[in-house]
Amino acid sequence: MPYDLGATARLTAPCRDPGGTLTDAGAVQLTVTLPDGSTDAPVVANPPEQTGRYYADYVTVQAGRHLVNWTFTGPAYAFTDVLNVRLPALPAISSLADAKNQINMTSEPDDDEIRFWLNASAFAVEYFVGPVGIREVTEEHDITVAERLSLRQVPVLSLTALTPVLDGRTSYDPGTLHVDGATGIVRRLDGGLFTGPLNALYEAGRRVVKENISAADLLIFQHLWRTQRPGRSGGLPGASDDYSVTEPIPGLGYAIPNRAVQMLAPDQLPPGMA
């Protein structure tokens, strides 16, 4: 499961001889390659009571995918793994407590897995209604001359900057522009034209999350949680494994409950604007 930024990740690896038997190595080198390409070499430990088992505690300092390379000598052995670190601004819409209440769970051992599926359900919701969690968006608009721009992620909360991609071209003061938050359409207040290409920096998302969006998010989370536990109903007392879902949504990759789609219908955005 992904780690939160700033958390300590315990990295583990085995060392095996050519026959596949766990064995202590003469030397070990651990290299962590961070998302920006820099590297780190955490201190490695080998508990005496665990032959051929090695670990290192690594404090995360960047969000994103890390490559973890273990190299052993005496015997020669290598082990490669991946470490994922969440962005500081989580995509989750619902809280851990709300999710656990949805599946009638009070214990803590599965909290990390619950948070993982909460993030997945948030992406499904945003596929239909656009950004829910507030985020900063940077995007390029490859225009020559245009009466208006269409920001791609809506609802738009505010436009921070509209600057040229090419040297010597025109920048536009956000104070001289009108932004339709629901559609993302940007126009000049003086009725003039934009000349581009342009880079747009803006904030998208929702400051208030309506109940239908929250409810749909929890239904999708519950569905994802249950479908990975076939025959056990995801730990829900009296629950059935026979529940209605849509066909897999193109571009989304998995099916979600029909009831969740119906709840999101009032907030669905025009095609191509999510």
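For the structure, see preceding data.
Reading the values: rules and limits
Residues numbered from 1 in each chain as written. Predicted model: local features only at pLDDT ≥ 70, side-chain atom pairs only at ≥ 80, totals over all residues. Heavy atoms only, no water. Helix = DSSP H or I, 4+ residues; strand = E, 2+ residues; numbered from the N terminus. Buried < 20%, exposed > 50% of the residue type's maximum accessible area, 1.4 Å probe, protein only. Contact = heavy atoms within 4.5 Å. Axes fitted to C-alpha atoms, helices over the stretch in contact; angles between N-to-C directions. Parallel < 35°, antiparallel > 145°, perpendicular 65-115°, else oblique. Left-handed = near helix turned anticlockwise from the far one by under 90°. Nonpolar A, V, L, I, M, F, W, Y, C, P; charged D, E, K, R; others polar. Core = buried A, V, L, I, M, F, W, Y, C linked by side-chain atoms within 4.5 Å. Pairing = 2+ DSSP bridges. Expected span 1.5 Å × (residues − 1).

A. Expanded view of the side chain of Q62. Take Q62: it is sitting in the loop between β4 (53-59) and β5 (64-73). For Q62, a relative accessible area of 18% corresponds to the buried category. When sequence neighbours within four positions are dropped, the list of residues in contact with Q62 reads L5, L34, P35, D36, S38 and V85.

B. A look at the packing of helix α2 (residues 111-129) against helix α3 (residues 211-227). In the contact formed by α2 and α3, the axes pass within 8 Å of each other and the chain directions differ by 125°. Of the possible angle classes, the one that applies to α2 and α3 is oblique. The crossing of α2 and α3 is right-handed. Of the residues in α3, those touching α2 at E113, I114, W117, L118, A120, S121, A122, A124, V125 and V129 are I213, A216, D217, I220, F221, L224 and W225. Class assignment for the residues of the contact of α2 with α3 results in 14 nonpolar, 1 polar and 2 charged.

C. Region of interest: the nonpolar core. Residues I114, V125, V129, I220, F221, W225 and L264 are the most contacted members of the largest nonpolar core, which totals 25 residues. Taken together, the elements giving at least two residues each to this core come down to α2, α3 and α4 (258-264). Here this core takes 9 residues from α2, the largest share from any one element. Counting residues in hydrophobic clusters, the runner-up holds 17 residues, among them L149, L159, Y172 and F194.

D. Geometry of unusual backbone geometry. Cis rather than trans, the peptide bond between V154 and P155 has omega equal to 5°. Note on placement: P155 falls in the loop between β9 (148-150) and β10 (156-164). Cis geometry is adopted by the peptide bond preceding P197, which originates at G196 and carries an omega value of 5°. Note that P197 resides in the loop between β13 (194-195) and β14 (198-204). If you check the backbone angles, N104 has positive phi at about 55° while not being a glycine. Assignment of secondary structure puts N104 in the loop between α1 (96-102) and α2.

E. Geometry of the sheet that holds strand β7 (residues 135-141). Strand order in this open sheet of 3 strands is β7-β14-β10, and the pairing throughout is antiparallel. The open sheet has two edge strands, β7 and β10, and neither has a second partner. On average, each strand axis in the sheet is inclined to that of its neighbour by 20°, with strand direction left out of account.

F. Representation of α2 within the structure. Here α2 contains 19 residues, and its C-alpha end-to-end distance of 27 Å stays within 8% of the 27 Å for a straight helix at 1.5 Å per residue. Looking one or two residues past α2, G130 carries a phi angle of roughly 85°, positive in sign.

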